[in-house]
Each structure stands twice: as structure tokens, then as C-alpha cells.
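Structural overview
The residues making up each chain are set out below.
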Amino acid sequence: MKFNNKLQLLLTLLSISTPINTKSFKIEEATIKQIQTAFTEHKLTSTQLLNFYTGQIKSLNPILRSVIELNPDAQFQAEKADEERRNGKCLGELHGIPVLLKDTIATKDRMNTSAGSYALVGAVAPRDAGVVEKLREGGAVIMGKSSLSEWYKFRSLSGVPNGWCARTGQGVNPYYSAGDPCGSSSGSAISVAANMVSVSLGTETHSSIICPSDHNSVVGFKPTVGLTSRAGVIPVMPSLDTVGPITRTVSDAVYLLDVIVGYDPRDHEATAEAAKFIPVGGYKQFLNPNGLKGKRLGIVRNPFMNLLNESIVSAFEHHLNLLRKKGATVVDNLEIHNINQIISPKQSGEFTLMMAEFKLALNDYLKELITSPVRSLADVIAFNQNNPEIEKIKEYGQDSFIMSEKTNGIGSKEKKAKELMKRLSRDGFEKLMMENSLDAMVTPGSGVVSVLAIGGYPGITVPAGYDGNGMPFGICFSGLKGTEPTLIEIAYDFEQTTMARRPPFLKTYQLTRDPLFGSI
């Protein structure tokens, strides 16, 4: 059977519930709160939950290609969580919950951290990433590594496809086979959407959480830069990199955020600055079903609605009316100063700074590895040139890598680029928010990512509907640094009022094992 035929067959099958123990408990679409209740009521164990997701991955991954490898220690971690609960020990909402990590978030275990490339297969990290340490402290089960657009889609300007990496091939949108899964945290979004895991972590520099979450009908939360540690995460641009949740619900994203935020001495400057934003009592207190009441929401149509089809525009207008009915004041037809310059990485200064920061930061990361096939960006370039077939150099190239390698640190050009980004943010998004006394900006789709990127601002995208092909789209709520509590209130109320997300039409389906997935 050809790949496309198998895919179409898979996408037309209805999802089914899975009985656990003698009492029925439907794992698909279950929230963390529902899972924890099932744990408490002895309807489910962490081991059973892990086994279900493992089965889902083995069945669906040859089609969706969203998981790179599974953690051989996950079973032990699940059994440990079960034993702890039997002994009355509870470590919080994530205790016993399986989590997938984007394959750029380092773990000190038997898994690889490879950015989707064979160049880093076999490398050994000196320690867990900061966010992984926090997950382990919270009792989470580190289930495995999710796929991504290789090297954050930074390798080539000529177009490494969204969702493609050498180690798994092309990731597939579970809703619409011809649809863009987006990137770079595509595997994290696909896996959560298709009920292959409870929750996942992604990273974002420019669009990498917001866009795949929008395109795969899940919640993606990009935190203020520094709110979560980047220590032990393969870097792109440290001044803009952030780690955040990808989940099926706003509440799950908040539970995950509560665990991973906080100061990390290994990411001192950014986390120390952002720690002041973390509220006493954490973020779950802002899961307010009346969170829209009294909020001032700014609507920026140009240019974010210019390329959207009629069905999405119509749905967006419907949602704006809903926001009004829920008590929000909608300030429409606002403009961001110099928006065309902001959304162009080459004009905003982002591209210039990224090229220089990537080389410096990646070289530092690679040098800290205990063992590694590559120790510098120059080594990665050479590896790719020596392995053109597995890395598909002819098709996708590595011109961005080569351009970055030619940079010489942070000089006057890069400093000017950084100042330009600050000025564009100050005179653009920040001025818009403050002059209009806005709590959040509301935009359809993922077009707002450039605005959020250059200023390190937070945003959360929530499923908002599907077009005529079944392709998902979301609505993004974004704000100034540290406004996560307000964004949570707004996003949670919107989600609970619309309940727009629906699962993809997938079924656990035994397919012939693809030799590409020997590690699964």
C-alpha cells in the first residue's frame, strides 16, 4: 500500500475509547486533572497510561512521524510513580504524567538529543536540561523525544520543509494530510493532537511553539523569555529562545508551566530577570472561567488577516462577538507602527543577530557535551557534507549554517540590530498596548509571531476552528512581558466558552513497521 493511501485510510478512521481495568476510562483527550482523578479512584495507573501512549506511538508514528525515540527508562519511572502514590506520596499535577520533549532538550539518560540530525546521535549531555530537572522533581514520566523541523529549520534558507528532519522524515499533520504541520516544534504538537502523549514541551525563537500548535489544533504557550530556563537546550538565539508547553487544553498548559518556570543558576541572567514575573501561588490560580470580563482586547487586522481564507475570517468575527458577550471590550482596527519592518526578520535586525548568536551559542553547547561526534558549527557543516544522503544536502542545503559560520561574534552590526529590535518593539507593540490600555492583543492564526519574537513577549494560541479541508486554526492572545496571568485568564475563558478543539479522526491501527523507526 502506498504511503498516501495508508495515510488517507488512517485519517478516515474514528477514534475509539480504551477500557482500563474493570471500569471504563477514556484516555483520549483526557486532561491532567481527569487523569489524576482516575489515578486517585484506582481506574488508571501511570504504567497503564504509559503503555497506552506507547501503543499509540508504535501504531501511528510510521504515518505521523512525530516521535524520534522512546525513553527505555520510562517504564521504571511510571512504576515508581505508581508506587509513590500507593504510599500516599503526591508530587503535584504532573506526578506520573508522561511528557514528550522536543529533541533539542537535553536529558542525561539513554536517549539522544540531536535536533533531528544524525550529526548529534551518540552525543552525551553532561546533565539534564533545567526544565527536565524540574519535570523530574515534579514526578513526570519522561517518555521520549519528539521530532521537529531539523535544527529548528535554521539549517537552510532554501527551505527545509516544516516538520522534516533526517531522523524521522516528514512529520504529518493529523487533521489534513496535505496540511502544513508547521515548525519547528512540529512533533510535540502532532503527538499531543493525536493523543500519543499527555503533554509535551516545545521551544520557540520565532514561531516554533505558536505556529505548530495553531496548525495542529492544540494549545501552545510561549512564555516570556527567561521565565523558563534554556540551560541544556540546544540554542538558536539565546536572546530570544524560550521553552514552553504544548497541550490539548489551557489548564494542562498552565499545570506544565507551573512546574517548569523559575530561576536557574545555569541560565542566570535571563531567569533572574524574569523570576520577578512569577506570581506567588503559581499560575493555576488564574484559570478563571470568567476571565474575559472587564478585559480590553486589541484587534490588529493588518497584516495578520490579509492571507486568511473566508472561513477563518468569518470564524474570527464570530469569536470577536463572543469576546464581547463575555464582557471584554474589543478595540478594533488597531495598527502596529512599522509592522512591515517588524514582520521581516531581515529588516527588523532579527536575522543579523540570529546568525551571530547561533554560532556562538551552539559552539558553547557542543563543547560542554561529555562525548559528541561534533564539537562546533564547522564540524556540523562538515558532517552534513560528508553524509549528503541521510541529511539530504542536495535537496535542502545548509546555507544558513555556512552564513552563520562566517560571522565573528557580536560586533557593531549586531549591536545595531539588537538596538533596532528594541526600538521597533518599544515604538510598535509596547506603544500599542500602553496607549490603548490593552490587556492583550488578539490575532487569528500565527502571523503575530514576529512581533512576539523580537521583543521576547509571551503568547498563547488556543484552537478556534477548522477550515473546509479540516485544517485547524487558532486564535493567539499575546501581551507584554510578564503578563502570563492575564493571558491565562483570557485564554481559559475563551477555550471553555468555545470548546472548539476536536480530536483528529485517528484510530490505533497496526501498520507495518517502517525501518526508519528502529529506535521506537
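Notes on the structure in this doc start here. Residue numbering note: each chain is counted from 1, following its sequence as written. Side-chain atom pairs in this predicted model are given and counted only at pLDDT of 80 or more, local residue features only at pLDDT of at least 70, and totals for whole chains, interfaces and linings cover all residues. Side-chain metrics in this entry use all non-hydrogen atoms of the structure; hydrogen atoms and water are not considered.

Below, the discussion takes up the overall build of the protein chain. Here a strand is any run of E in DSSP of at least two residues, a helix any run of H or I of at least four, and the numbering for each starts at the N terminus. A count of helical and extended segments in the protein chain gives 20 helices and 15 strands. Here the globule rule reads 2.2 Å times residues to the power 0.38, and the radius of gyration is calculated from C-alpha atoms. Whereas a compact globule of 520 residues would reach a radius of gyration of roughly 24 Å, the protein chain reaches 22 Å, a difference of no more than 12%. Dimensions of the protein chain, computed from C-alpha atoms along their principal axes, come out at roughly 60 × 60 × 45 Å. Buried means the residue's accessible area, taken with a 1.4 Å probe over protein chains only, is under 20% of the maximum for its type, while exposed means over 50%, and partly exposed covers the values in between. Per-residue burial for the protein chain yields a buried fraction of 62% across its 520 residues.

The next subject is the nonpolar core. Among the nonpolar cores identified, the biggest contains 145 residues, and Leu135 and Phe477 are the most heavily contacted of them. Should any heavy atoms of two residues lie within 4.5 Å, those residues are counted as being in contact. The contacts of Leu135, once residues within four sequence positions are left out, are Leu94, Val99, Leu101, Ala140, Ile142, Leu201, Leu256, Val259 and Ile260. We call a set of buried Ala, Val, Leu, Ile, Met, Phe, Trp, Tyr and Cys residues a nonpolar core when their side-chain atoms join them within 4.5 Å.

Next up on the list: the pairing of strand E15 (residues 472-478). Within E15, 7 of the 7 residues are buried, which leaves it mostly tucked inside the rest of the structure. Side-chain alternation along E15 places Pro472, Gly474, Cys476 and Ser478 on one buried face and Phe473, Ile475 and Phe477 on a second face that is also buried. Both strand E14 (residues 459-466) and E15 contribute to a ladder of 7 bridges, which runs antiparallel. By the bridge assignment for E15, Tyr466 is matched with Pro472. As consecutive antiparallel partners, E14 and E15 are separated by 5 residues, and within that stretch Gly470 has a phi angle of approximately 85°, a positive value. DSSP bridges decide pairing: two strands pair if at least two such bridges lie between them.

Taken in spatial order, the 11 strands of this open sheet run E3-E5-E4-E8-E10-E9-E14-E15-E13-E11-E12, and their pairing is mixed. Taken across any chain shown, the strands that pair with only one partner, and hence form the sheet edges, are strand E3 (67-70) and strand E12 (329-331). Adjacent strand axes in the sheet meet at a mean angle of 30°, parallel and antiparallel pairs treated alike. Here 3 bridges tie strand E11 (residues 296-299) to E12, and the two strands are oriented parallel to one another. Note on E12: the bridge partner recorded for Leu297 is Val330. The strands touched by helix H6 (residues 186-193) are E3, strand E4 (98-102), strand E5 (141-146), strand E8 (199-204) and strand E10 (242-247); relative to E8, the strand with the most contacts, the crossing angle is about 155°. Note on definitions: angles span 0 to 180 degrees between N-to-C directions of axes, and those axes are lines fitted to C-alpha atoms, for helices only across the stretch in contact.

The buried count for helix H8 (residues 250-260) comes to 9 of 11 residues, which makes it a mostly enclosed element. Three or more residues of H8 are buried, namely Val250, Ser251, Asp252, Ala253, Val254, Tyr255, Leu256, Leu257 and Ile260. Gly262 occupies a position one or two residues after H8 and carries a positive phi of about 130°.

This part takes up the pattern of salt bridges. Salt bridge, as used here, is a side-chain nitrogen of Lys or Arg placed within 4 Å of a carboxyl oxygen of Asp or Glu. Summed over the entire model, instances satisfying the criterion amount to 22 salt bridges. Note that Asp82 and Arg85 form a salt bridge whose closest N and O atoms lie 2.5 Å from each other. Here the residue Asp82 and the residue Arg85 both occupy positions in helix H4 (residues 74-86), the gap between them amounting to 3 residues, near one helical turn. We classify Arg85 as partly exposed; its relative accessible area is 21%. Between Arg426 and Asp427 there is a salt bridge, with its nearest N and O atoms 3.1 Å apart. Given the relative accessible area of 45%, Arg426 is considered partly exposed.

With that settled, the discussion passes to the layout of surface pockets. Cavities and pockets are defined on a 1 Å grid built over the protein atoms alone: a cavity is a set of grid points where a 1.4 Å probe fits but cannot escape, while a pocket is an open set with protein on both sides within 12 Å along at least five of seven lines, and lining residues are those with an atom within 4 Å of any such point. Grid points are joined across faces, edges and corners, and a volume is the space filled by probe spheres set on the points. Here the largest pocket is characterised by a volume of approximately 1,200 Å³. As for the largest pocket, its lining consists of 46 residues, and the residues nearest its centre are Arg230, Pro238, Ser239, Asp267 and Ala270. Elements with a minimum of two residues in the lining of the largest pocket: E8, E10, helix H9 (268-274), helix H13 (350-368), helix H18 (412-435) and helix H19 (449-455). The residue classification treats Ala, Val, Leu, Ile, Met, Phe, Trp, Tyr, Cys and Pro as nonpolar and Asp, Glu, Lys and Arg as charged. All others, Gly included, are polar. Across the lining of the largest pocket, the residue classes break down as 23 nonpolar, 9 polar and 14 charged. Within this model, the second largest pocket holds a volume of roughly 620 Å³.

Buried residues of helix H14 (residues 377-386): Leu377, Val380, Ile381, Phe383 and Asn384, and no others. Seen from one end, H14 has its buried residues packed into an arc of 160°, which puts them on one side. Buried residues in H14 make contact with H13, helix H15 (388-391), helix H16 (393-396) and helix H17 (399-405). Taken from the helix axis, the directions to the C-beta atoms give the arc we talk about.

Another aspect to go through is the environment of Gln75. When you line up the elements, Gln75 lands in helix H4. Residue Gln75 is classed as partly exposed on the basis of its relative accessible area of 31%. Separated by 10 residues in sequence, Gln75 and Arg85 place their C-alpha atoms 16 Å apart. Setting aside residues no more than four positions away along its own chain, Gln75 makes contact with Thr47, Leu50 and Asn51.

Its location among the elements puts Met355 in helix H13. Met355 has contacts with Phe154, Ser400, Met403, Ser404 and Thr407, leaving out every residue within four places of it along the chain.

Moving on, we come to the side chain of Gln36. Residue position: Gln36 is located in helix H2 (residues 32-40). In this view, Gln36 contacts Gly92, Glu93, Leu94, His95 and Ile97; residues no more than four positions away in its chain are not counted.

The subject of this paragraph is the state of the cysteines. Count a disulfide wherever a pair of cysteine sulfur atoms falls within 2.5 Å. This model, assessed by the stated rule, comprises 1 disulfide. One disulfide in the model links Cys182 with Cys211; its S-S distance is 1.8 Å. Judged by the torsion about the S-S bond (95°), the Cys182/Cys211 disulfide is right-handed. Here the residue Cys182 occupies a position in the loop between strand E7 (169-170) and H6, and Cys211 occupies one in helix H7 (residues 210-215), the gap between them amounting to 29 residues. The residues Cys182 and Cys211 share a single accessibility class, namely buried.

The next subject is the pairing of strand E9 (residues 219-222). Of the two faces of E9, the one holding Val219 and Phe221 and the one holding Gly220 and Lys222 are both buried throughout. Alignment of E9 against E14, held across 3 bridges, turns out to be antiparallel. In the strand pairing of E14, Phe221 is matched with Ile460.

Just distances and angles here, no functional claims.
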